[in-house]
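The residues making up each chain are set out below.
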Amino acid sequence: MTDADIIVVGAGPAGSCAAIAAARSGKRVVLIERGPFPGSKNMYGGVIYPRILDELIPHWFETAPIQRWVVRRSTMVLSDTGALNIDYRSNAWGQAPYNGATAYRPDFDNWLAQQAVAAGADLICSTTVTGLLRDDQGRVCGVSTDRPDGDLTASVVIACDGVNSFLAKQAGLYPTADADNYTLGVKETLSLSKHIIDERFGVRDNQGVDIEILGGTSGVNGGGFIYTNLDTIAVGVVLKLSKLSAQKKRPEDIIAELKRHPAIAPLVEGGQVVEYSAHLIPEAGLEMMPKMVADGLLIAGDAAALCLAAGIWLEGVNFAMASGMYAGQSASAAINANNVSANSLKSYTDRLNKTFVLQDHKKLRKIPHLVLSDRIQHKYPAFVTGVVERMFRVDNPTPKPGVRRIVSQERKKAGIKLSELVRDALTGLKGFG
Amino acid sequence: MTIAVCIKWVNYSGPVESDTPDERFAGFSFADQAALEWALRIAENSSDEVLVLTAGPVGAEAVLRDALSRGAHRAVRIDIDLTSDSSVIARNLVGAMSQPRMVWCGDYSNDRGSGSVPSFIAADLNIDQALGLVALELPENANASFAAVRRLDGGRREQLLISGSAVLSVEGSTVRLRRASLKNTMSASKQEIQVITATGGRMDTPALRPYRPRPRVTLAPIGLTALERVKHITDTSSSKGHGETVHAEPSAAATLILESLRKWGYLP
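Conventions adopted
- Residues numbered from 1 in each chain as written.
- Chains lettered and ligands numbered in written order.
- Predicted model: local features only at pLDDT ≥ 70, side-chain atom pairs only at ≥ 80, totals over all residues.
- Heavy atoms only, no water.
- Pairing = 2+ DSSP bridges.
- Helix = DSSP H or I, 4+ residues; strand = E, 2+ residues; numbered from the N terminus.
- Axes fitted to C-alpha atoms, helices over the stretch in contact; angles between N-to-C directions.
- Contact = heavy atoms within 4.5 Å.
- Domains from an automatic or database assignment.
- Buried < 20%, exposed > 50% of the residue type's maximum accessible area, 1.4 Å probe, protein only.
- Buried area = accessible area lost by both parts, 1.4 Å probe.
- Salt bridge = Lys/Arg side-chain N within 4 Å of Asp/Glu carboxyl O.
- Polar contact = N/O pair within 3.5 Å; in protein donor to acceptor, adjacent residues only side chain to side chain.
- Nonpolar A, V, L, I, M, F, W, Y, C, P; charged D, E, K, R; others polar.
- Arc of directions from axis to C-beta.
- Parallel < 35°, antiparallel > 145°, perpendicular 65-115°, else oblique.
- Left-handed = near helix turned anticlockwise from the far one by under 90°.

1. Section: the sheet that holds strand E11 (residues 194–197) of chain B
By definition, the strands of a sheet pair up through backbone hydrogen bonds, in either a parallel or an antiparallel sense. Residues and elements named next belong to chain B. The nine strands lie next to each other as E9-E8-E7-E10-E6-E1-E4-E5-E11, forming an open sheet whose pairing is mixed. Each edge of the sheet is formed by a strand with only one pairing partner; in this case those strands are strand E9 (157–162) and E11. For this sheet, the mean angle separating the axes of adjacent strands, direction not counted, is 35°. Taken together, the six bridges between strand E8 (residues 146–151) and E9 define a ladder with antiparallel strand orientation. If you follow Arg151 over to E9, its bridge partner there is Arg157. Along the sheet, helix H4 (residues 117–125) contacts strand E1 (2–6), strand E6 (102–106), strand E7 (128–137) and strand E10 (166–170); its crossing angle with E7, the most-contacted strand, is approximately 125°.

Written as structure tokens, this is what we have:
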């Protein structure tokens, strides 16, 4: 008899949801976390979209440790001195059933893991899984850990060990690792009083703001973000790993530069850094996804590169929670069928294919590379802000120029060929559907 | 026999912004960890059971489970307000031990506690105490006496030979606590923890206050001018003191000295 039915490695959003789903189906579940508590090692750079939890934890919003409900969603394009801000506000997002939220991951992930414990899972912290155990036929049958007497057997292992998953690599499910597929997310959390945050960002009570930024990354391909917590704000950048390395720039210098931008400085002024964190992000979507199923093994969350970085849509936690939930359900069903072969566990990827998890990634498969391409990163911000600058600048007595003429002149000034503009527009239209 | 280990549930995270300790950042000090390890080592060579105790709210059970996962046999939590007096905590801890062979404690806790609980335990149990141990040499025979080195003020050290029942407090540097096995970690999460509701009040201790010599009556300085009066007080060229040479046997001289000190106000 095995020590457990299902071992879930990693108590992040994917792991905890996998554990909840599996424990609720009556399975003996062990959830292993390497940090001293769930969420202690986790970070993110934006918004949690927790509606997927409706299925798993009804009325989750009554107990989840949310900082603010996002009611303002902005996309900002920065040139060296200018900024174009497209801002949408809906106060309805601040009421049930809600849309997106900001949260501290050590709070949110810990809360989610406690739901798994309440469902019957055993949570083991401060324990690092060091490898997979295999039976005589090479099937995964457990894990080894860094604790004495640390081997643990199970019918199914669900690897939710995050980006750069050692377990998925050890299982041979990641054929190659390409630095171009990863970004480095770097974030400062700045302390400001709630009153100041409310005033600066035009919100009240527990309403929040999420600003995604194109440009402002000191010439390194990537983007920036600012979002509000109750009495802190988070400001950070997401930087393409290969470009960051090639340009030999320090991420903290890039954040400092972003904070000095005339459009950002008034928002962050006076904020004291209370936390600095950095984390790899699997940015390339479908193009970098590993095989997610093997005999006795499932991969979910960031470990399976299920992070959507598609320009206007930047989501990860919801994909992690959904994939974890489906992994838990599929593992449980396979155990019930007394068959944990890859073929039987394939119901996991079937579920992913039928839902937003893989459908969104398929639809937007070309967008991540398009957004991080040199042209979009280095030429478009200047082009877009140049056009807007001239449209709204009043040069009387000179009469207003035609918009078509401005666009043409600014396009040439930014060094974008007409054919490139058309091609990018078509790719964007096609990609975004 | 029982070897008791008292550990204190404290917050690791430095400045605490909230009145309620955040259980995620709580644990027990390196000194308490060392105390547990020494107790486990002694128990390994004997038939003693290791009883681990802590005082605090439900959250404090996390450190007991941690101790159980590392090899302690039994755990007791004294349900008590963490701000309670050390003597009250000690008395309740003692109440939960039944004639322990030894009581091990950490020399300090991470929350800048007074370190007085071990002394109160020793007083309440009426057994010896050896506090602030910085080195120990355990014999193979767990019941034999063993040598230890105790820290004294001013960097001095005292060598001790410990035998019989005693309360021992150790520094964190003396030994590193073993890592719990995976199986023990899993079973400890389900192991029963005995909870005892705290009772009783303060332990009676004599009232102490800093020594203050009684006031002396001195005459007003003599002099017509202010300068003369100041000189009268401050002048050291002539003797105004109590200098006196006497010739006497040692016991009579000692009596004389004490009488003089009393007269001059240096002794009560």
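2. Quick look at the domain arrangement of chain B
By domain assignment, chain B separates into domain 1 (2–197) and domain 2 (212–268). A C-alpha centroid distance of 53 Å is found between domain 1 of chain B and domain 2 of chain B.

3. Examining the side chain of Ser16 of chain A
Residue and element names in this part refer to chain A. Within the secondary structure, Ser16 is located in helix H1 (residues 13–24). Judged by its relative accessible area of 0%, Ser16 falls in the buried class. Residues in contact with Ser16, not counting those within four places in the same chain, are Gly10, Ala11, Leu31, Asp109, Leu112, Ala113 and Ala116.

4. Comments concerning the interface of chain A and chain B
Listed per partner, the contact involves 18 residues of chain A and ten residues of chain B. Here chain A meets chain B over a buried area of about 1,300 Å², counting both sides, of which 56% is carbon and sulfur. For the chain A face of the interface with chain B, the top three residues by lost area are Phe37, Ile124 and Arg147 of chain A, together amounting to 37%. Taken together, chain A and chain B are joined by three salt bridges. For Arg24 of chain B, the salt bridge identified is with Asp107 of chain A, shortest N-O distance 2.9 Å. Remark: the boundary between chain A and chain B carries eight residue pairs in polar contact (both at pLDDT 80 or more). Listed by contribution, the elements that provide at least two residues to the side of chain A that touches chain B are helix H3 (105–119), strand E6 (122–124) and strand E9 (151–159) of chain A. The dominant element in the side of chain A that touches chain B, judged by the number of residues it contributes, is H3 of chain A, at three residues. Broken down by class, the residue content of the side of chain A that touches chain B amounts to six nonpolar, five polar and seven charged.

5. Topic: helix H7 (residues 251–260) of chain A
Looking at H7 of chain A, one finds that the buried residues are Pro251, Ile254, Ile255, Leu258 and Lys259 of chain A. All buried residues of H7 of chain A fall inside an arc of 140° around its axis, so they share one side.

6. Topic: the pairing of E6 of chain B
Residue and element names in this part refer to chain B. Most of E6 sits inside the fold, with five of its five residues counted as buried. Residues Met102, Trp104 and Gly106 point to one face of E6 and Val103 and Cys105 to the other, with burial holding for every one of them. Of the strand pairs in this sheet, E1 and E6 are connected by four bridges, and their pairing is parallel. If you follow Ile3 over to E6, its bridge partner there is Met102. Of the strand pairs in this sheet, E6 and E10 are connected by five bridges, and their pairing is parallel. Bridge pairing in E10 places Met102 opposite Ala166.

7. Quick look at the packing of helix H3 (residues 86–96) of chain B against H4 of chain B
Residue and element names in this part refer to chain B. Contact geometry of H3 with H4 gives a least axis separation of 8 Å together with a crossing angle of 50°. One way to sum up the angle between H3 and H4 is to call them oblique. As H3 runs across H4, the sense of the crossing is right-handed. Judged by residue contacts, Ser86, Ser87, Ala90, Arg91, Leu93 and Val94 of H3 engage Val117, Phe120, Ile121, Asp124 and Leu125 from H4. Across the contact of H3 with H4, the residue classes break down as seven nonpolar, two polar and two charged.

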